[in-house]
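Survey of secondary and tertiary structure
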Amino acid sequence: MKVSFLFLSIFVLTLSTGYGQEKVYYNQTEFGAMFGRVESQWSGDTEERINFSMLTFHGARISKHHVVGFSLGFDHYENLSIIPIALGWRGFFGKDGRAQLIGGFDIGGGSTILEKGEESEWGKSWYEGGIMASPSVGAFFPGKKGKTALTVTIAYKRQELAYYQGSYEQVGTQRPIIISQLPPGYNSMTETDYLFQSLVLRMGFSF
Amino acid sequence: MTTSRLYPLLWILMISVLTLSCQDEITTTYTHRTMMPVYLEMSDIRARTITVEPPQELDSPGKIYIYGNYLLINEPTKGIHILDNSNPSNPVNKNFIPIEGNVDLAVNSNILYADNYVDLLAFDISNLNNIKLVKRVEDVFTHMYRHDTGQIITFKDTVITSENAYWGCANCEFFTMDASRSFAANYSAAAQSYGTGGSMARFTLANEHLYAVDESTMRVFDVKNAAEPKFVKPIDLGWGIETIFPFQNKLFIGSNRGMHIYDASTPSSPTRMAVYEHIVACDPVVVNEDFAFVTLRSGNFCVNNINQLQVINIEDPYKPYMMKSYPMLNPHGLGLAGDNLFVAEGKHGLKSFKVTDVLKIDQNQMEFLESMKAVDLIPGPKSLIVIGPDGVCQFDYSTPSKLIRLSCIDVKNPVVIK
């Protein structure tokens, strides 16, 4: 639903903004690393984490300096992988044909489709993705022929995520409790909310 | 802007971002169901007058008992609904008797027996418009007492949410562990097992005696004079008692380790004839002259991963032996009407078999209604009553091979089966 809305809005934007000789479609694909700090749940010590991240942004130029579109990525955190899907904007500051500054903003959600929950006779566990927001700044170095450019980006990425571990009722069939904050059939539920905050350094190309 | 001016700007940005804290935040909330202890003075409970109330919607029904044209449906720990079932296609909710701590019931000559925490109550229900409490037998279900001061402990089903991994409230934990013997266990067992009329009964009437089983004890009441139940004695059964089924001067008691057969020809003092033991499983029992039908199912307490219907030969009740077992999907309650056996297969549905030849039950399946999820059933004189997530449903089973749905009573909190 969300994705189809994204495509539709891009399509509309593409149609309404196809002006002049300026190329409408803009793609920026980058790979890099996320740097963050995580507090160990056992010792309380803060540990550094470095994770792989990639992002591909597809957009339509709506004016000389602005591109809107959507981004799709792959972020690998310590034990899990997330596919962030977001609406995005890229703004360019500088003269054509020269290195430019790129400002960017992506907002959307992280999908945990790659993470399989577990289900057994005793209970069930699963992940639910959450909001992702990522402002970024970067540099745009156009290539010799002016088609492909090299990009370098620094971003802050905020990814929310929840992990649920539920255990089923002890007695085979039991009544749901009316005031329940628990889904029917569960005896307990552990919800772990994660907020990953990372500094992302990425490098790639755009055309 | 030139490239040379751009670099310093980038570096400034980079350094400023790097100095920002990018620490992950992880918060965990634990939500769990527990039994909160509630202390009650029996003197207070006895002092309260029980007044019959207008009909109430069925919330989470427990036992169902058929008496004449009436269906009596227990709402565990709350009371008893009375429904007029003269027309099984349209049962009419008549009234509600609020009885605290009630989990079971039985009716004998217009006298309704119901437990009220540690007491047994007898109501005269000959006139539904004028239900009267006629007798209270005090202090019979004494396993609920924690000490002999007249104070009892019960447990309230509660959901607790906390940010600490500490599983329980300050008082709860100890009691939660201890709860297996208490009312809570009785309650949850009652809540799961339904139907005094069904195969998962815990109160049963036979030969002018009322037998009440809890986790480990059978209590015998003399009800020769229906309105004057007299407590006779407790009989120790051992652990894990679940159901009781009377048949021809015998009591068949299903436990999670096997089936006990008691000789009740001296009704006031049943004696053990045999114990047919099997591996731990949850098992209701139904019986005819020669055979007992037992279902074993894998549930959470009944750890063994076994789903079976067993046929046990009881021609010699001192030497029961298994004749044959049939694989099942997840059998819960079962009911026997003549040669027709109905098995509630949990979420898988409802099965019916001809059991004329007990060695060929699997070849004589009559129907398998996969849409009728069921946990227990009672073959009544007018209809087959089936309890499941859809509520309390009734079927016409005059043609046993072709069940016809008559009605379903809506239930606010139907049973959950996985």
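For clarity, every value in this text was computed on a predicted model and none was experimentally measured. (Residues numbered from 1 in each chain as written. Chains lettered and ligands numbered in written order. Predicted model: local features only at pLDDT ≥ 70, side-chain atom pairs only at ≥ 80, totals over all residues. Heavy atoms only, no water.)

1. As for the overall build of chain B
Helices and strands together make up the secondary structure of chain B, namely four helices and 30 strands. For chain B, the proportion of its 418 residues judged to be buried stands at 57%. Intrachain contacts of chain B at a sequence separation of at least 6 include 49% that bridge at least 24 residues. In the form shown here, chain B has an accessible surface area of approximately 17100 Å², with 51% of it arising from carbon and sulfur atoms. (Helix = DSSP H or I, 4+ residues; strand = E, 2+ residues; numbered from the N terminus. Buried < 20%, exposed > 50% of the residue type's maximum accessible area, 1.4 Å probe, protein only. Contact = heavy atoms within 4.5 Å. Areas by Shrake-Rupley, 256 points an atom, 1.4 Å probe, with all protein chains shown as cover.)

2. Describing the pattern of salt bridges
Taken as a whole and judged by the stated rule, the model has 13 salt bridges over all chains. We note a salt bridge from Glu-160 of chain A to Arg-158 of chain A, for which the minimum N-O separation is 3.9 Å. The partly exposed category is assigned to Arg-158 of chain A, whose relative accessible area is 31%. For the salt bridge of Lys-351 of chain B with Glu-345 of chain B, the shortest nitrogen-to-oxygen distance reads 2.8 Å. Residue Lys-351 of chain B is classed as buried on the basis of its relative accessible area, which comes to 8%. Given the relative accessible area of 0%, Glu-345 of chain B is considered buried. Here the salt bridges share partners, and the residues they tie into one network are Arg-46, Asp-119, Arg-136, Glu-138 and Asp-139 of chain B. (Salt bridge = Lys/Arg side-chain N within 4 Å of Asp/Glu carboxyl O.)

3. Observations regarding the packing of aromatic side chains
Residues and elements named next belong to chain A. For the structure on display, the rule yields 15 aromatic pairs over all chains. Where Tyr-26 meets Phe-92, the ring centres are 5.3 Å apart and the plane angle is 80 degrees; that geometry is what we call edge-to-face. Remark: Phe-92 occurs in strand E4 (residues 81-93) and Tyr-26 occurs in strand E1 (residues 25-39); sequence separation between them is 66 residues. Assigned by exposure class, Tyr-26 and Phe-92 land together as buried. A centroid spacing of 4.1 Å and a plane angle of 15 degrees characterise the contact between Tyr-77 and Phe-196, whose relative ring orientation is stacked. You can see Tyr-77 sitting in the loop between strand E3 (66-76) and E4 and its partner Phe-196 sitting in strand E9 (residues 186-206), a full 119 residues away along the chain. Among the residues examined, Phe-196 registers a relative accessible area of 5% and is labelled buried. Grouped by ring-pair contacts, the aromatic residues Tyr-26, Phe-57, Phe-92 and Phe-140 constitute a single cluster. Between Lys-124 and the ring centre of Trp-126, over which it is positioned, the NZ or CZ distance is 5.7 Å. (Phe/Tyr/Trp six-rings, centres within 6.5 Å; stacked < 30°, edge-to-face > 60°. Lys NZ or Arg CZ within 6 Å of the ring centre and 35° of its normal.)

4. Here we look at the sheet that holds strand E26 (residues 365-369) of chain B
By way of backbone hydrogen bonds, the strands of a sheet pair with one another, either parallel or antiparallel. Residue and element names in this part refer to chain B. Reading across from one edge, E23-E24-E25-E26 is the order of the four strands in this open sheet, with antiparallel pairing throughout. The strands lining the two open edges of the sheet, one partner per strand, are strand E23 (334-337) and E26. Adjacent strand axes in the sheet meet at a mean angle of 15 degrees, parallel and antiparallel pairs treated alike. In the sheet, strand E24 (residues 340-344) pairs with strand E25 (residues 350-354) via five bridges, with the strands oriented antiparallel. Within the sheet, the bridge partner assigned to Ala-344 lies in E25 and is Leu-350. (Pairing = 2+ DSSP bridges. Axes fitted to C-alpha atoms, helices over the stretch in contact; angles between N-to-C directions.)

5. Observations concerning the confidence of the model for chain A
Residue and element names in this part refer to chain A. When pLDDT is averaged across chain A, the result is 80; 83% of the residues are at 70 or more. Of the regions scoring below 50 in pLDDT, residues 16-21 engages in seven contacts with residues more than four places distant in sequence or in other chains. Residue range residues 172-176 is modelled with pLDDT below 50. Its contacts to residues more than four positions away, or to other chains, number 29 contacts. (pLDDT = per-residue confidence, 0-100.)

6. Considerations on the sheet that holds strand E6 (residues 105-108) of chain B
Residues and elements named next belong to chain B. Across the sheet, four strands lie side by side as E6-E7-E8-E9; this open sheet has antiparallel pairing. Looking along the sheet, the strands with just one partner apiece sit at the ends: E6 and strand E9 (132-137). Here the strands of the sheet are splayed against their neighbours by 25 degrees on average, with no regard to which way each runs. Sheet topology places E6 next to strand E7 (residues 111-116); four bridges connect them, and they run antiparallel. Bridge assignment links Leu-105 to a residue of E7, and that residue is Ala-114.

7. Some details on the nonpolar core
Most often, soluble globular proteins have nonpolar side chains that are buried together. All names here are of chain B. Of all hydrophobic cores here, the largest spans 29 residues; its most connected members are Leu-72, Leu-112 and Leu-120. Contributing elements (two or more residues each) for this core: strand E4 (79-84), E6, E7, strand E8 (119-124) and strand E12 (209-213). Each residue touching Leu-72, except ones within four places of it in the same chain, is listed here: Lys-63, Ile-64, Tyr-65, Tyr-67, Ile-80, His-81, Ile-82, Leu-105, Val-107, Leu-112 and Ile-125. Ranked by size, the runner-up nonpolar core spans 28 residues in total, among them Val-287, Val-294, Ile-314 and Met-328. (Core = buried A, V, L, I, M, F, W, Y, C linked by side-chain atoms within 4.5 Å.)

8. Some details on the state of the cysteines
Residue and element names in this part refer to chain B. Per the counting criterion, the structure on display carries one disulfide over all chains. Disulfide pairing places Cys-393 opposite Cys-408 at an S-S distance of 2.0 Å. Between Cys-393 and Cys-408, the disulfide has an S-S torsion of 105 degrees and is therefore right-handed. Taken together, the residues Cys-393 in strand E29 (residues 391-396) and Cys-408 in strand E30 (residues 404-409) connect sequence positions 15 residues apart. Judged by relative accessible area, Cys-408 falls into the partly exposed class, the value being 29%. (Disulfide = S-S within 2.5 Å.)

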